[in-house]
Amino acid sequence: MSEDEELEDLSGVGSKTAEKLRDAGYDSIMSIATMSAADLSEVADIGNKTAQKIIKNARDELNLGFQKGTDKMEERENMSKITLGSDNFDELLDGGIETQAITEVYGEYGSAKTQCALQAAVNVQMPKEEGGLDKGVIFIDTEDTFIPERAKQMAEANDMDPEEVLDNIYVARAFNSDHQILLAEKAQEIMEENEIGLVVVDSLTAQFRSDYVGRGELAERQQKLNKHIHTLQRLASAHNVAVLVTNQVLSNPGQLFGDPTNASGGHIVGHASSFRLYLRKSKKDKRIARLVDCPYLPEGEAVFKVKNEGIVDP
Ligand SMILES: Nc1ncnc2c1ncn2[C@@H]1O[C@H](COP(=O)(O)OP(=O)(O)OP(=O)(O)O)[C@@H](O)[C@H]1O
Ligand SMILES: [Mg+2]
């Protein structure tokens, strides 16, 4: 059975359940195979046991589970990278931002997180031989900081048609954390109809921080955030896209979640991302990106600048 077959072909899924799942953005066997039983039972309004069975069936159909090293290698061979336009940056990341993974860009306000996100959104559209994927982007904007004029500037600097570049950016503004979760789930639909190479969430955590303020709400916040990240991981692996999320470091140690050296969202965000980039401001409007805890690349730093044309080497 291929990934494209109907949900109804899956043993245990009737037409009503299939409809509910499709409405929630789960329309392939793969999307079911990578769900948690709790999520499936909630979305489809079925019991946990049934959900577990359906997920098992989906995994059996797709032959998930143990893989040989050679299969894993083949999967990795489909992985590609998006240049960030600065040689220093690309060297740090051994070529750029990877597909099939989440890259978390964190740092304090003004450290250029949004600039990196915009640059990736433009560069993913470049031809492959220039370091892009020749694909479009989904941009989930939670702080109303997506500025089309800025993307246009970067596109012009790349000799790309700015109108075309904007046309290939699907922007959605998330008004609260639940809306943000929903938008990530809906992204699946856009991805089935369009060639998408990158999903941006800028910022991953801001809405969650403002929706769950008290200490008593911390557990619920982490649970929701965890679910959201799970959705993003599923998008990354099922569709071979890069996911870039931003996360603000709180510089005031007095604040609730305020360890100034830690990105907010706690360890859930940290462990889910394959790449963590810590950005900080440096002298003479230089900026430094540090690669933290990468499973296979050395820790290191890259110096870059933000100019009119975008992210550049100093
Ligand atoms: N056209 C430009 N030319 C030069 N520098 C620019 C330009 N546009 C933005 N910048 C720089 O980028 C900085 C803003 O970076 P950015 O918005 O990416 O920060 P951020 O890390 O997303 O912050 P926040 O946490 O507030 O969202 C500005 O302070 C400015 O220094
Ligand atoms: Mg920002």
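Residues numbered from 1 in each chain as written. Chains lettered and ligands numbered in written order. Predicted model: local features only at pLDDT ≥ 70, side-chain atom pairs only at ≥ 80, totals over all residues.

K.L.:
Teacher, can you tell me more about the packing of helix 10 (residues 177-193) against helix 12 (residues 218-239) here?
P.N.:
Packed helix pairs are characterised by how far apart their axes lie and by the angle those axes make with each other. Between helix 10 and helix 12, the shortest axis-to-axis distance is 10 Å and the interhelical angle comes to 15 degrees. Taken together, the axes of helix 10 and helix 12 lie roughly parallel to each other. Of the two possible hands of crossing, helix 10 and helix 12 adopt the one that is left-handed. Residues Ser177, Gln180, Ile181, Ala184, Glu185, Ala187, Gln188 and Met191 of helix 10 pack against Lys224, Lys227, His228, Thr231, Leu232, Leu235 and His239 of helix 12. Classifying every residue of the contact of helix 10 with helix 12 gives six nonpolar, six polar and three charged. (Axes fitted to C-alpha atoms, helices over the stretch in contact; angles between N-to-C directions. Helix = DSSP H or I, 4+ residues; strand = E, 2+ residues; numbered from the N terminus. Parallel < 35°, antiparallel > 145°, perpendicular 65-115°, else oblique. Left-handed = near helix turned anticlockwise from the far one by under 90°. Contact = placed C-beta atoms within 7 Å. Nonpolar A, V, L, I, M, F, W, Y, C, P; charged D, E, K, R; others polar.)

K.L.:
Teacher, can you tell me more about the site of ligand 1 here?
P.N.:
In the region of ligand 1, 13 residues are neighbours, and Tyr109, Lys113, Thr114, Gln115 and Val306 sit closest. Taken together, the elements giving at least two residues each to the shell around ligand 1 come down to helix 7 (113-123) and strand 10 (300-307). Residue composition of the shell around ligand 1, grouped by class: three nonpolar, eight polar and two charged. (Near = placed C-beta within 6 Å.)

K.L.:
Teacher, can you tell me more about the sheet that holds strand 3 (residues 101-107) here?
P.N.:
Think of a sheet as strands paired side by side through backbone hydrogen bonds, with each pair either parallel or antiparallel. Strand order in the open sheet formed by nine strands is 5-4-6-7-3-8-9-10-11, with mixed pairing between adjacent strands. The sheet terminates laterally at strand 5 (169-173) and strand 11 (310-312), the two strands that pair on one side only. Strand after strand, the sheet turns through a mean of 25 degrees between neighbouring axes, direction not considered. In the sheet, strand 9 (residues 286-292) pairs with strand 10 via six bridges, with the strands oriented antiparallel. By the bridge assignment for strand 10, Ile288 is matched with Val303. (Pairing = 2+ DSSP bridges.)

K.L.:
Please explain the packing of helix 3 (residues 37-44) against helix 4 (residues 48-62) as it appears in this structure.
P.N.:
Packing of helix 3 against helix 4 brings their axes to within 8 Å, and their N-to-C directions diverge by 110 degrees. For the element pair helix 3 / helix 4, the angle class is roughly perpendicular. Crossing angle aside, the handedness with which helix 3 passes helix 4 is right-handed. On the side of helix 3, the interface is formed by Ala37, Leu40 and Ser41, while helix 4 contributes Asn48, Ala51, Gln52, Ile54 and Ile55. Per-class residue counts for the contact of helix 3 with helix 4 are five nonpolar, three polar and no charged.

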